[in-house]
Amino acid sequence: MLLFVCRETKVKLTSNDSSNGVIQKLIESDEEEEGVNQLEMSIKCAEIQHAISVGELPFLLLVNFTGATSFLYTEYKYLGIFMGVFAAIIFLFLGSVRGFSTKSEPCAYNQGNTCKPALANALFSTVAFLLGALTSVLSGFLGMKIATYANARTTLGARKGIGKAFITAFRAGAVMGFLLAANGLLVLFVSINLFKLYYGDDWEGLYESITGYGLGGSSMALFGRVGGGIYTKAADVGADLVGKVEQNIPEDDPRNPAVIADNVGDNVGDIAGMGSDLFGSYAESSCAALFVASISSFGVRHEFTAMSYPLLISSMGIVVCLITTLFATDLFEIKNVSEIEPSLKRQLLISTVLMTAGIAVVSFFALPSEFTLFNFGTEKAVKNWHLFFCVATGLWAGLVIGYITEYYTSNAYSPVQDVADACRTGAATNVIFGLALGYKSVIIPIFAIAIAIYVSFRLAAMYGIAVAALGMLSTIATSLAIDAYGPISDNAGGIAEMAGMSHKIRERTDALDAAGNTTAAIGKGFAIGSAALVSLALFGAYVSRAGINSVNVLTPKAFIGLIVGAMLPYWFSAMTMKSVGTAALKMVEEVRRQFKTIPGLMEGRTKPDYANCVKISTDASLREMIPPGALVMLTPLIVGTLFGVETLAGVLAGSLVSGVQVAISASNTGGAWDNAKKYIEAGVGEHAKSLGPKGSECHKAAVIGDTIGDPLKDTSGPSLNILIKLMAVESLVFAPFFAAHGGLLFKFI
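So, how was this worked out
Residues numbered from 1 in each chain as written. Predicted model: local features only at pLDDT ≥ 70, side-chain atom pairs only at ≥ 80, totals over all residues. Heavy atoms only, no water. UniProt positions renumbered as here; feature names shortened; annotations may be inferred. Salt bridge = Lys/Arg side-chain N within 4 Å of Asp/Glu carboxyl O. Helix = DSSP H or I, 4+ residues; strand = E, 2+ residues; numbered from the N terminus. Buried < 20%, exposed > 50% of the residue type's maximum accessible area, 1.4 Å probe, protein only. Axes fitted to C-alpha atoms, helices over the stretch in contact; angles between N-to-C directions. Left-handed = near helix turned anticlockwise from the far one by under 90°. Contact = heavy atoms within 4.5 Å. Nonpolar A, V, L, I, M, F, W, Y, C, P; charged D, E, K, R; others polar. Polar contact = N/O pair within 3.5 Å; in protein donor to acceptor, adjacent residues only side chain to side chain. Expected span 1.5 Å × (residues − 1). Core = buried A, V, L, I, M, F, W, Y, C linked by side-chain atoms within 4.5 Å. Phe/Tyr/Trp six-rings, centres within 6.5 Å; stacked < 30°, edge-to-face > 60°. Arc of directions from axis to C-beta.

- Per an unreviewed UniProt entry, the protein chain is named H(+)-exporting diphosphatase, and its organism is Hibiscus syriacus.
- Its UniProt record gives the protein chain the following Subcellular location (unreviewed entry) comment, quoted word for word: "Endomembrane system".

Here you go:
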């Protein structure tokens, strides 16, 4: 994997390489840059590459690597404790459904047959939860490692041209995407086959216990997203407000004490967090589809190929994304800056077109021509081409969401340019225009999701919605490639600035970063859109498993759940936003203190205390991620136990409807403010030049908008899609307990 990323710079690093040898290779392989000391620059870059390769730290800038690894190790220690405690809760709650009985019992859906005891389901659900959690952690950690290998390679690639840097960053993102998709699919497939050794023909119990896999994946993703988001945005806000606005120094300037914490945050938040997030969506959509199929004709007749339809769709997606990647790295060469964003957009379109053909192949060869699906107590007759249209609808809805997100967050289009123009009159009008843009950007994605839901449900009931979500996620490798590309390019620009590379190199990395901001927003759009479909599919599975025939919002039990559920995304957002604000306040005070008290810091004669800023972000993120996580994890348990299955159904519906729209708005608003700032900084075109240059009052207003948007787009917004998925899958896992023992409060009122 390391050599894969290294090949773009033609530098092969091993643990036996000496620094001098590496430096010589760099000098021989790279182009000369005017006005730059080649030897000094190569020494700095070689030390970065050498330290990443062998794990040593001869150069201060490599806190970027060790800091990210150290933070994740610390975070995972806390999450390990959570995994153990929550695994015990799953076992105790589900085991108590039948009083920890070891006797077989009548099946809930396959009437006339006997299924394995509830205690077995409790045990295997717990094991599935642990497997999902470990796979999610592994996905995030490996993604972070790939990014820290690739960011310096991208910097070195930028010395040879924009094309070399682009290929390095994109290939690294692709490695992460394929790794995550393959890991998730492999662990799920192996788990199903191992569980089958015990369950045998009891597919109802088998796939019910497998839902724990999705719960484990999403629970880790929640803490990873929230913790990483607090970490990176606390550092980012502190670095920008004091560095850019007050001290008027460039972004990623090594004199800024918060710059290292900012670079660490890019890896733990945008890379590790996003990896775990999309893995959670994939795991949950697969589990929802498998559960509904298990109580349909596929499961009753034990048709394993048809049962594996969701897994086959994901497998086809890996093949399609592999072909698609070649269009960006081998078939079309990037020669100038203007080609970067179109190339990334082309990835979305090509993968969607190819995947449509792939879905047709899988649908017509893996499925019987006609079959029945469970539909809230009845059986719905479905044909294989119905499922083709369900998956294809989700796939193309994802493309629409991606393009609309790009339109509202890219500085190539009028919405972001209007936000930048609003900076002429100060930060207030910038904020007003940005909020309006975010609200408006919700409209078309919601219509796309609504159409996908209607078409899928009409054709194949809740199973159709589940596979539509899988369709949207079928090109997850490509989505992650273009998403991870952004933070890698951002870090590459930081390394170029801190290593003292020429302005020309920094312009190239800035161009990569600007496109990366848009692709990151597209990735968040995919995650949120898929979360809506996944949550609805899980909601349907929960309603079926809890024995609810219909959810009537006119009943008091359901309506109070609906209104409380709609409030939860706002409560959650308030907690995460305040957490970022609290940490950022401490960061700003620390950065100001260092500029005031460290002699020679502004002149560059003295190095700042990077470690103290890293510690502030680390401590804040680990402490502040617990309350929002507890809110999400405890809500279904408390509501289901005290108020019953109907009220919990209302909570799930309310949080879904409210959370999706708040998440889209928050993510797009923050992305637009970020790119409005970069539009002014780049100064490309007469309009952009009239708003600049860097350091102008207009630019400072844009920086303020960007800092407001940082927690919206990288903490609260992306975390909300995990909230709605996680509460739904947790409710599904605990549904047998809620159906048997829930509603304690209403029994006494």
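From this point, things continue past the structure.
## Notes on the pattern of salt bridges
Item 1. For the structure on display, the rule yields 17 salt bridges.
Item 2. Among the salt bridges present, the one from E208 reaches R545, with a minimum N-O distance of 2.7 Å. With E208 in helix 7 (residues 203–246) and R545 in helix 18 (residues 503–545), the pair connects residues that are 337 residues apart, well separated along the chain. Residue E208 shares its accessibility class with R545, and that shared class is buried.
Item 3. One network of salt bridges, with partners in common, ties together K233, D236, D674, K677, K678, D706, D710, K713 and D714.

## Concerning the packing of helix 6 (residues 162–199) against helix 8 (residues 259–294)
Item 1. Orientation of helix 6 relative to helix 8, taken along the N-to-C sense of each, is 35°, at an axis distance of 10 Å. Between helix 6 and helix 8 the crossing geometry is right-handed. For the pair helix 6 and helix 8, contact is made by M176, L180, G184, L185, L188 and I192 and by I271, G275, F279, Y282, S286 and L290, respectively.
Item 2. Residue composition of the contact of helix 6 with helix 8, grouped by class: nine nonpolar, three polar and no charged.

## Some remarks on the side chain of T393
Item 1. Counting through the fold element by element, T393 comes out in helix 13 (residues 384–409).
Item 2. Note on T393: relative accessible area 19%, which makes it buried.
Item 3. At a separation of 2.5 Å, a polar atom in the side chain of T393 contacts the main-chain carbonyl oxygen of F389.
Item 4. Once you skip the residues sitting within four places of it in the chain, T393 turns out to touch I451, A452 and V455.

## A few points about helix 17 (residues 476–498)
Item 1. In a regular helix each residue adds 1.5 Å, so 23 residues correspond to 33 Å; helix 17 covers 33 Å between its end C-alpha atoms and thus fits that length.
Item 2. Counting buried positions over the 23 residues of helix 17 gives 22, a clear majority of the element.
Item 3. G500 sits one or two residues past helix 17 and shows a positive phi near 75°.

## Observations concerning the environment of A221
Item 1. Along the chain, the position of A221 falls in helix 7.
Item 2. The exposure class assigned to A221 is buried, which follows from its relative accessible area of 1%.
Item 3. Separated by 71 residues in sequence, A221 and A150 place their C-alpha atoms 23 Å apart.
Item 4. Among residues more than four places away in sequence, those in contact with A221 are S136, S276, D277 and I722.

## As for unusual backbone geometry
Item 1. In this model, H302 sits at a positive phi of 55°, which is unusual for a non-glycine residue.
Item 2. For H302, the location among the structural elements is in the loop between helix 9 (297–300) and helix 10 (304–307).
Item 3. Positive phi, normally seen in glycine, also occurs at A461, with a value near 55°.
Item 4. When you line up the elements, A461 lands in helix 16 (residues 443–473).

## Here we look at the nonpolar core
Item 1. By size, the foremost hydrophobic cluster in this structure holds 207 residues, and its most contacted members are F166, Y309, I340, L387, Y463 and Y542.
Item 2. Once residues within four sequence positions are removed from consideration, L387 is found in contact with Y309, L367, F371, L373, V382, A460, Y463 and V467.
Item 3. If you look at the next biggest cluster of nonpolar residues, it comprises 19 residues, including A672, L691, A702 and L712.

## Some remarks on the packing of aromatic side chains
Item 1. This model, assessed by the stated rule, comprises 25 aromatic pairs.
Item 2. The interplanar angle of 45° and the centroid separation of 4.6 Å between the aromatic rings of F93 and F737 together place this pair among those described as tilted. A residue pair is termed long-range when its members are at least 10 positions apart, and F93 in helix 4 (residues 63–95) and F737 in helix 24 (residues 697–741) qualify at 644 residues.
Item 3. Looking at F737, the relative accessible area reads 10%, which means it is buried.

## Digging into helix 14 (residues 414–422)
Item 1. Of the residues making up helix 14, those classed as buried are P415, V416, V419, A420 and A422. One side of helix 14 holds all its buried residues, which, seen down the axis, span an arc of 160°.
Item 2. In the core, the buried residues of helix 14 are packed alongside helix 13, helix 15 (427–440), helix 22 (645–682), helix 23 (686–691) and helix 24.

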